[in-house]
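Geometric and topological summary
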Amino acid sequence: MEKPSRRNVLVAGGTLGALGALSVATPAQASALWTWSPKGSVAGAGEGADPRWVWDPECDALVAGIIDRGEAPAVNKLLKTWTKNGQALPSGLPADLRAFIENARQLPSWVDRAKLAKAFEFNEKRGLYLGVTYGFASGMMSTAIPKEARAVYYSKGGADMRDRITKTAKLGYDIGTERAFEPDGEMIVTCVKTRLAHSGVRHLLPKSPYWQKAADEEIPISQADMMVTWHSLPTTVMKQLTKWKVPIPADESEAFLHSWQVTAHMLGIRDEYIPNSWAEANSQAAQVLDPILAATPEGIKLADTLLNLASFIDLGLLTPHILGALSRYVLGDEIAGWLKIPREPVWDPIFKNLWPPFVAVREGLLELTDAPPELRTVYWIFDEIIRQAVLFVLSGADYPISIQIPTTNNPN
Ligand code: HEM
């Protein structure tokens, strides 16, 4: 048997919550003790184990073995052909991986197909705003989540952000498709592959000297981190749409939440951590997301890279300025300041003053003639931004993208 190290002791234990006592080890962690009750979860009950000490033990051990035996490239090649939820797995996969995936691809018992169908209606109706909020609220916010920023920066994807974004956008695209979780959809495959990728990161990143130096943890992507990132997605998106007064019927809002609850489960998050309502989601987010947002050198560099990614469109003449202003408008001055997003004297006031009436006009809640006259000048620019954002997310569907088990870290 392998000599026990702190790392494999942590990974091996299924009852890692017992180690919650370690959480008082550093003051930063002590400030965010997990007190959220599993009664508010989709499971309705649970051990209440502190998710900062829970990872994904079965998947982690399996993927670590695959990487260590040098099987990851062959497995990735085989899994590339597995694209549809209902499709049989390719032959040739290691038997233990096959057994794991067969189990991991099963939807939870609490799945509500009517709600998933309704979620598609919502996605179709609100796709334009979802593209913008996934990109600028969730995507930019992820650079202000210290553990995620470091993990992304020092992992393989950190060396090629465009590729990384395209792959991540696949999940944002897949969840919004019709029959996303049905046999002819692709969302289950995307989630299971992402689960494998995360396990690969948990195995590889602790070996990166750069990550070791910067990180305040030994194993990345705990279940608590997963929920933090989850809140940067649906919880943050719903807050933005509500702030913009986009009309959303209660059943559509519920359905959108449900599609993300199912996604969380399929990504390997335990049911006892997945909130069962928006009220519970908001209360959990206030506990786990809001207090941890902060600047890191890695997050600042990633935010800068993201803002400049679209510069090829116009040689950087306008896009970084417009995208910077949009990010500031969505994230607020404090977070934008942490990320060193430059102030934009022209574009900042335009977003602040004209985006709300723009949404109101688009939604038929305000006549263009009653809106501030300047809106007529920028209306097409705003419209173009949401169109481009959607195109970018949709581009994930243009060619087969296969999320892979990483084999290296960012070499830089
Ligand atoms: C990979 C989504 C949570 C760090 C991925 C990928 C997706 C994804 C779709 C595959 C893209 C790719 O291979 O480049 C999600 C979702 C999450 C979540 C939906 C939560 C609901 C997290 C958290 C962290 C993290 C909490 C870190 C703290 C990473 C890293 C990779 C990755 C480092 C691999 C990048 C690479 O090797 O290139 N994630 N993720 N993710 N994720 Fe996550």
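The structure displayed is predicted, hence computed values, not measured ones. (Residues numbered from 1 in each chain as written. Predicted model: local features only at pLDDT ≥ 70, side-chain atom pairs only at ≥ 80, totals over all residues.)

1. Some remarks on the overall build of the protein
When helices and strands are counted, the protein shows 18 helices and 0 strands. Per-residue burial for the protein yields a buried fraction of 44% across its 412 residues. Counting only contacts in the protein whose residues sit at least 6 apart along the sequence, the fraction spanning at least 24 positions is 77%. (Helix = DSSP H or I, 4+ residues; strand = E, 2+ residues; numbered from the N terminus. Buried ≥ 20, exposed ≤ 12 C-beta atoms within 10 Å, placed from the backbone. Contact = placed C-beta atoms within 7 Å.)

2. Quick look at the nonpolar core
Residues M227 and L326 are the most contacted members of the largest nonpolar core, which totals 100 residues. Top contributing element to this core by residue count: helix α6 (residues 113-142), with 11 residues. Residue contacts for M227: discarding those within four places in its chain leaves P51, I269, Y273, Q284 and V288. (Core = buried A, V, L, I, M, F, W, Y, C linked by C-beta atoms within 7 Å.)

3. Remarks on helix α7 (residues 146-154)
Burial analysis of α7 places 9 of its 9 residues in the buried class, the great majority of the element. Inspection of α7 places P146, K147, E148, A149, R150, A151, V152, Y153 and Y154 among the buried residues, and these make up the whole buried set. At its buried positions, α7 is contacted by α6, α9 (187-204), α10 (209-214), α11 (223-243) and α14 (297-308).

4. Looking at the packing of α6 against helix α12 (residues 250-266)
For the pair α6 and α12, interaxial distance at closest approach is 8 Å and the crossing angle is 110 degrees. When the interaxial angle is binned, α6 and α12 end up roughly perpendicular. The residues of α12 that touch α6, namely those facing K115, L116, K118, A119, E121 and F122, are D251, E252, E254, A255, F256, H258 and S259. Considering only residue class, the contact of α6 with α12 consists of 5 nonpolar, 2 polar and 6 charged. (Axes fitted to C-alpha atoms, helices over the stretch in contact; angles between N-to-C directions. Parallel < 35°, antiparallel > 145°, perpendicular 65-115°, else oblique. Nonpolar A, V, L, I, M, F, W, Y, C, P; charged D, E, K, R; others polar.)

5. Observations concerning the site of the ligand
Around the ligand, the structure places 24 residues, and the nearest of them are A151, S155, G157, K167 and D225. Among the secondary structure elements, those contributing two or more residues to the shell around the ligand are α7, α8 (161-175), α9 and α11. Broken down by class, the residue content of the shell around the ligand amounts to 12 nonpolar, 6 polar and 6 charged. (Near = placed C-beta within 6 Å.)

6. Let's talk about the environment of L289
Relative to the helices and strands, L289 is located in the loop between α13 (278-288) and α14. For the pair L289 and D96, spaced 193 residues apart in sequence, the C-alpha separation works out to 35 Å. Contacts of L289, omitting those with residues within four sequence positions, involve V228, H231 and S232.

7. A few points about unusual backbone geometry
A positive phi angle is found at I221, which is not glycine, with a value near 55 degrees. Following the sequence through the fold, I221 ends up in the loop between α10 and α11. Within the chain, K245 stands out as a residue other than glycine whose phi angle is a positive 60 degrees. Among the structural elements, K245 can be located in the loop between α11 and α12. A tally of 12 C-beta atoms within 10 Å means that K245 is categorised as exposed.

8. Some remarks on the packing of α11 against α13
Close contact between α11 and α13 brings their axes to 10 Å; oriented N to C, the two are set at 125 degrees. It follows that α11 is oblique to α13 by the angle criterion. In this structure, α11 crosses over α13, and the sense of that crossing is left-handed. Along the contact surface, α11 presents A224, M227, V228, H231, T235 and M238, while α13 presents W278, A281, N282, Q284, A285 and V288. A class-by-class count of the residues in the contact of α11 with α13 yields 8 nonpolar, 4 polar and no charged. (Left-handed = near helix turned anticlockwise from the far one by under 90°.)

9. Remarks on the confidence of the model for the protein
Averaged over every residue, the pLDDT of the protein is 87; residues scoring 70 or more account for 87%. In the model, residues 1-31 has pLDDT below 50 throughout and makes 38 contacts with residues more than four positions away in sequence or in other chains. Taken over the whole predicted complex, pTM reads 0.90, whereas the ipTM for its chain interfaces reads 0.98. (pLDDT = per-residue confidence, 0-100.)

10. What to know about α12
With 17 residues, α12 should reach 24 Å at 1.5 Å per residue; the first-to-last C-alpha distance of 24 Å fits that figure. Burial analysis of α12 places 12 of its 17 residues in the buried class, which makes it a mostly covered element. Listed in full, the buried residues belonging to α12 are A255, F256, L257, H258, S259, W260, Q261, V262, T263, A264, H265 and M266. For α12, the secondary structure elements touched by its buried residues are α6, α8, α9, α11 and α13. Positive phi appears at G268, one or two residues downstream of α12, with a value of about 95 degrees. (Expected span 1.5 Å × (residues − 1).)

11. Remarks on the environment of E384
Relative to the elements of secondary structure, E384 occurs in helix α18 (residues 374-394). Taking the number of C-beta atoms within 10 Å as the measure of exposure, E384 has 12 and is therefore exposed. Counting along the chain gives 25 residues from E384 to N409, while the straight-line C-alpha distance between them is 36 Å.

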